[in-house]
Amino acid sequence: MKIYLDGQFVDSAEAKISVFDHGLLYGDGIFEGIRLYEGNVFRLDAHLDRLWCSAKAILLTIPISRRDMVEAVCESCRQNGLRDGYIRLVVTRGVGDLGLAPWLCAKPSVFIIADKIALYPPEYYTSGLSIVTVPTRRVGPAALPPMVKSLNYLNNILAKIEARQAGALEAIMLNDAGFVAECTGDNVFIVCQGRLLTPAAQQGALKGITRETIVSVAQALSLPFEEHDLTRYDLWNADECFLTGTGAEVIPVVKLDGREIGDGKPGPVTNRVLAEFRRRVLVEGTKI
Ligand code: PXG
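Quick caveat: nothing in here was measured; it's all calculated off a predicted structure.

*Asks:* Before we move on, can you summarise the pattern of salt bridges with the specific residues and values?
*Replies:* One pass over the full model with this rule turns up 16 salt bridges. A salt bridge links arginine 78 to glutamate 71; its shortest N-O distance comes to 2.7 Å. Two residues, arginine 279 and glutamate 276, come together in a salt bridge whose shortest N-O distance is 3.0 Å. Of this pair, arginine 279 and glutamate 276 both sit in helix α8 (residues 268-283), 3 residues apart, roughly one helical turn. Among the residues examined, arginine 279 registers a relative accessible area of 46% and is labelled partly exposed. Members of the salt-bridge network, linked through shared partners, are Arg35, Glu249 and Arg278.

*Asks:* Which residues make up empty space enclosed by the protein, and what values do they have?
*Replies:* Enumeration over the complete set of coordinates arrives at 2 cavities of 30 Å³ or more. Approximately 60 Å³ is the volume attributed to the largest cavity. When residues in the lining of the largest cavity are grouped by element, the largest group, 3 residues, is from strand β3 (residues 29-37). Its residues assigned to classes, the lining of the largest cavity shows 6 nonpolar, 3 polar and 1 charged. Counting the residues that make up the lining of the largest cavity, at least three belong to each of domain 1 (2-115) and domain 2 (124-281). Forming the walls of the second largest cavity are Asp239, Glu240, Cys241, Val253, Val254, Ile261, Lys265, Pro266, Gly267 and Thr270. Put simply, the parts of the chain that give the lining of the second largest cavity at least two residues each are β13 (240-245) and β14 (249-256). Within the lining of the second largest cavity, the residues separate by chemical class into 5 nonpolar, 2 polar and 3 charged.

*Asks:* With reference to specific residues and values, describe the state of the cysteines.
*Replies:* In total, this model carries 0 disulfides according to the counting rule given. Note on cysteine 74: no disulfide assigned, nearest cysteine sulfur contributed by cysteine 77 at a separation of 6.5 Å. With a relative accessible area of 0%, cysteine 77 lands in the buried category.

*Asks:* Tell me what's going on with unusual backbone geometry, and back it up with residues and numbers.
*Replies:* Positive phi is not limited to glycine here, since arginine 43 has a value of about 50°. Tracing the backbone through its elements, the reader meets arginine 43 in the loop between β4 (40-41) and α2 (44-57). A residue is classified by how much of its surface remains accessible, and arginine 43, at 24% relative accessible area, is partly exposed. Look at serine 222: it is not a glycine, yet its phi comes out positive at around 55°. Residue placement: serine 222 occurs in the loop between α6 (209-220) and β12 (225-227).

*Asks:* Any chance you could break down the domain arrangement of the protein chain for me, citing the residues and the numbers?
*Replies:* A common measure of how large an interface is: the accessible area buried when the components associate. For the protein chain, the assigned domains read domain 1 (2-115) and domain 2 (124-281). Taken together, the contact between domain 1 and domain 2 spans 23 residues of the former and 19 residues of the latter. For the pair domain 1 and domain 2, the two sides together bury roughly 1700 Å², of which 62% comes from carbon and sulfur. The largest contributions to the domain 1 side of the interface with domain 2 come from Phe31, Phe42 and Arg50, which together make up 36% of the buried area. With a shortest N-O distance of 2.6 Å, glutamate 212 and arginine 43 are connected by a salt bridge.

Calculation criteria
- In this numbering scheme, every chain counts its residues from 1 along its sequence in written order.
- Predicted model: local features are reported for residues with pLDDT of at least 70 only, side-chain atom pairs are reported and counted for 80 or more only, and whole-chain, interface and lining totals are derived from all residues.
- For the side-chain quantities, the full set of heavy atoms in the structure was used; hydrogens and water were omitted.
- Basic side-chain nitrogens of Lys or Arg form a salt bridge, by our definition, when they fall within 4 Å of a carboxyl oxygen of Asp or Glu.
- Segments assigned H or I by DSSP are reported as helices when at least four residues long, segments assigned E as strands when at least two residues long, and all are numbered from the N terminus.
- Think of it in three bands: with a 1.4 Å probe and only protein chains considered, a residue is buried below 20% of the maximum accessible area for its type, exposed above 50%, and partly exposed in between.
- Cavities and pockets are found on a 1 Å grid laid over the protein atoms alone: a cavity is a set of points where a 1.4 Å probe fits but cannot escape, a pocket is an open set with protein on both sides within 12 Å along at least five of seven lines, and a lining residue has an atom within 4 Å of such a point.
- Grid points are joined across faces, edges and corners, and a volume is the space filled by probe spheres set on the points.
- Three categories are distinguished: nonpolar for Ala, Val, Leu, Ile, Met, Phe, Trp, Tyr, Cys and Pro, charged for Asp, Glu, Lys and Arg, and polar for the others, with Gly belonging to the last.
- All the domain ranges listed were derived from an automatic or database domain assignment.
- Cysteine sulfur atoms are paired as a disulfide whenever they fall within 2.5 Å.
- Contacts: residue pairs with any heavy atoms within 4.5 Å of one another.
- Summed over both partners, the accessible surface that disappears when two parts come together, traced with a 1.4 Å probe, is what is meant by buried area.

As structure tokens, then:
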């Protein structure tokens, strides 16, 4: 496998980052997870918009131009002969010393890994996931804007471990006020009396690219959509529930905390949204 690392394509065995990189020492950096479908990079512009916004929020200057980044992403797919896959794009603060001071890091590092994707088994899309609410809370907006897709994922990792200990593949994470924020790597939607609802970013949700796509899908399908504060009670009593993310796409949730959602099967709205999403990924995107 060839990895893009600071302007060069190198073998994966040679793709190494310094132990003094602040991405490693402090989680000081940002990333994107992007999908390649049949030779098209899905919503690359939206991912790069978010990357540049994350960089601005943490006062990080991405060391290459947007045009060079597009080329690096596409070339990473070509170099690895990929037509379908997953692209991980990371920008770290770069090499510094043992203090926090980011201004002592001479130059941010950029690397891109383009690989095959490990998907949820297809049966979860037809029968749905059973998930749990976990104790670990999402970092609040007062600590770090939830819109920043940073290299600090420890809360989410703890939440993922807690989910696994409870025998579930995903976790509902609440914010400090006890409202539903999102999952460890996915946004959450419910269907309630024909309306599609999801928590606002201010409640601790990442502004997911898939989430944004679903809002546009809802419009196309004439489904009323609203950002709404949600509690666990709202999820337990929803007609339908599904998660969205670059890796998961749109995946139904049929049980939360031992309570069946709706009739315990993926619902008709979820299935319509999933079908329209799957249609779009094949017709939209940047050709590599
Ligand atoms: N919330 C969080 C905390 C995320 O990390 C999403 C929501 C969904 O956002 P997108 O833009 O993907 O619709 C994410 C995205 C992985 C993986 O390897 C995780 C994400 C994306 C791709 C792969 O688990 N997280």
